[in-house]
Amino acid sequence: MIDPTAAAERLVRCFDPDAALAEGASEVLVISPRYGRIRRRPPLLASVPAAHGSPAVWNAARHNLLTCSDRSVQLALATYQHRIRMRAQFSLDLLRDGRVDLHAHCHRLLERCGHERSAVPIAPEGFWIRYAASADAGGVLFEFGNTFLVPITESALHAEARTLLGPRS
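Please read these numbers as outputs of a predicted model, since none were measured by experiment.

Colleague: Tell me about the pattern of salt bridges, and name the residues and values.
Modeller: Within the structure shown, the criterion is met by seven salt bridges. Between Glu143 and Arg87 there is a salt bridge; the shortest N-O distance is 3.6 Å. In this pair, Glu143 sits in strand S7 (residues 139-149) while Arg87 sits in strand S4 (residues 81-91), placing the two residues 56 residues apart along the sequence. Take Glu143: its relative accessible area is 9%, and that puts it in the buried class. Residues joined by salt bridges that share partners form a network here, namely Arg85, Arg87, Arg130 and Glu143.

Here it is in structure tokens:
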């Protein structure tokens, strides 16, 4: 369904469009200038041994970004979070017959809605679905959603950088 490595890279690049992959002889790194500016530390987001390859480093970068305890990084993530909540009606016959995988179908609807905003799910496991109501003519209404990260705009990146650099003398 969803390639976790591609989703991890999309999430990191959503947070920082200037994030870069650097492959060396002994290590593979993900460098994020925005992550470094916000934390006021070197921009290294993740590092893995070269033998593990780029999929491992993108997954490590996603993990490090989402579990970072730095309050400034948490605030930056929270600023660009967008909750998407949807409703869909299904006929009882369709659900009984098993012609539709409700979970997969709802995921696809959310992904399409997020894709329209160039957003990436922050945590696919954060997906939720619940019965909303019985609809007319033997249908069932379900409500579902997840939290997405919307890309930071170029102008917002520049404004954030100016704020973090402090006043000029």
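Colleague: Just give me the short version of the side chain of Asp16, but keep the residues and values in it.
Modeller: You can see Asp16 is positioned in the loop between helix H1 (4-15) and strand S1 (20-23). Look at Asp16: it is buried, it has no salt bridge, and the nearest opposite charge is Arg37 at 5.5 Å. Not counting residues up to four positions away in its chain, the partners in contact with Asp16 are Ser32, Pro33, Arg34 and Tyr35.

Colleague: Which residues make up the packing of aromatic side chains, and what values do they have?
Modeller: Between two aromatic rings, the relevant description is the distance of the centres plus the angle of the planes. Going through the model one piece at a time under the given rule, you end up with two aromatic pairs. Through a chain of ring-to-ring contacts, the aromatic side chains of Phe90, Tyr131 and Phe142 assemble into a single cluster. The cationic tip of Arg34 hangs over the ring face of Phe15; the distance from NZ or CZ to the ring centre is 4.3 Å.

So, how was this worked out
- Residues numbered from 1 in each chain as written.
- Predicted model: local features only at pLDDT ≥ 70, side-chain atom pairs only at ≥ 80, totals over all residues.
- Heavy atoms only, no water.
- Salt bridge = Lys/Arg side-chain N within 4 Å of Asp/Glu carboxyl O.
- Helix = DSSP H or I, 4+ residues; strand = E, 2+ residues; numbered from the N terminus.
- Buried < 20%, exposed > 50% of the residue type's maximum accessible area, 1.4 Å probe, protein only.
- Lys, Arg positive; Asp, Glu negative; His and termini not counted.
- Contact = heavy atoms within 4.5 Å.
- Phe/Tyr/Trp six-rings, centres within 6.5 Å; stacked < 30°, edge-to-face > 60°.
- Lys NZ or Arg CZ within 6 Å of the ring centre and 35° of its normal.

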